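Given next are the chains, with one letter for each unit.
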Amino acid sequence: QVQLAESGGGLVQPGESLRLSCAASESFLGVSSMGWYRQAPGKQRELVARISRDNTVRYADFVKGRFTLFRDFVKKTVYLQMNNLKPEDTAVYYCNVDTGTMNYWGKGTLVTVSS
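Residues numbered from 1 in each chain as written. Predicted model: local features only at pLDDT ≥ 70, side-chain atom pairs only at ≥ 80, totals over all residues. Heavy atoms only, no water.

A. Seen up close, the overall build of the protein. For the protein, the count of helices and strands is 0 helices and 11 strands. Mapped in sequence order, the helices and strands of the protein form the string β-β-β-β-β-β-β-β-β-β-β. Whereas a compact globule of 115 residues would reach a radius of gyration of roughly 13 Å, the protein reaches 13 Å, a difference of no more than 12%. When the backbone C-alpha atoms are referred to their principal axes, the protein occupies close to 40 × 25 × 25 Å. Within the protein, buried positions represent 42% of all 115 residues. Long-range pairs, those at least 24 residues apart, make up 52% of the contacts in the protein with a sequence separation of at least 6. For the protein, the exposed area adds up to about 6300 Å²; of that, 47% sits on carbon and sulfur atoms. Side-chain charges in the protein split into 14 positive and 10 negative, and the spacing between the mean points of these groups amounts to 1 Å. (Helix = DSSP H or I, 4+ residues; strand = E, 2+ residues; numbered from the N terminus. Rg over C-alpha atoms; globule rule 2.2 N^0.38 Å. Buried < 20%, exposed > 50% of the residue type's maximum accessible area, 1.4 Å probe, protein only. Contact = heavy atoms within 4.5 Å. Areas by Shrake-Rupley, 256 points an atom, 1.4 Å probe, with all protein chains shown as cover. Lys, Arg positive; Asp, Glu negative; His and termini not counted. Charge placed at Lys NZ, Arg CZ, Asp CG, Glu CD.)

B. Expanded view of the environment of Arg58. Topologically, Arg58 is positioned in strand E6 (residues 57-59). The class for Arg58 is exposed, based on a relative accessible area of 58%. Filtering out sequence-adjacent residues up to four positions away, Arg58 remains in contact with Leu47, Val48, Ala49 and Arg50.

C. Main features of the pairing of strand E8 (residues 77-82). Of all the 6 residues making up E8, 6 are buried; the element is thus mostly covered by neighbouring parts of the structure. Of the two faces of E8, both are covered, the one formed by Thr77, Tyr79 and Gln81 as well as the one formed by Val78, Leu80 and Met82. Bridging between strand E3 (residues 18-24) and E8 involves 6 bridges; their strand directions are antiparallel. When the bridges of E8 are listed, Leu18 appears paired with Met82. Bridge count between strand E7 (residues 67-72) and E8: 6 bridges; the pairing is antiparallel. For Asp72, the partnering residue across the bridge sits in E8 and is Thr77. (Pairing = 2+ DSSP bridges.)

D. Representation of the side chain of Gln81. Among the structural elements, Gln81 can be located in strand E8. Given the relative accessible area of 16%, Gln81 is considered buried. Setting aside anything within four residues of it in sequence, one finds Gln81 in contact with Ser17, Leu18, Arg19, Arg66, Phe67, Thr68 and Phe70.

E. Up close: the pattern of salt bridges. Counting across every chain of the model gives 4 salt bridges. In this structure, Arg38 and Glu46 form a salt bridge, with 2.9 Å as the shortest nitrogen-oxygen distance. According to the relative accessible area criterion, Glu46 is partly exposed, its value standing at 31%. A salt bridge links Lys64 to Asp61; its shortest N-O distance comes to 3.1 Å. With respect to burial, Lys64 and Asp61 carry one shared label: exposed. It is possible to trace a salt-bridge network through shared partners that takes in Arg38, Glu46, Arg66 and Asp89. (Salt bridge = Lys/Arg side-chain N within 4 Å of Asp/Glu carboxyl O.)

What follows is the structure, given as structure tokens:
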């Protein structure tokens, strides 16, 4: 069973940056896809960014040009670099790994963007 641990959330002002990390307990070589989702208060969980096995990255429209997903196979970590944060980016951010047969979620890390 893959365990995922997110970190890097916090309170920032609009326009600032954060980098989220998701450390996996096992290698994610060969997984079907992995990525980041978020859930704001009172809203459904939504896709932020996702990378597929062929290294294709899909971004939600609302983060294009601001967020970048990348991963380090050696460190077994996937990152979400978030720039120019906006108040509407406030949410709990979750890491997800889909092995093709199983789907794993982290416990989430809270990002708050407020002046």
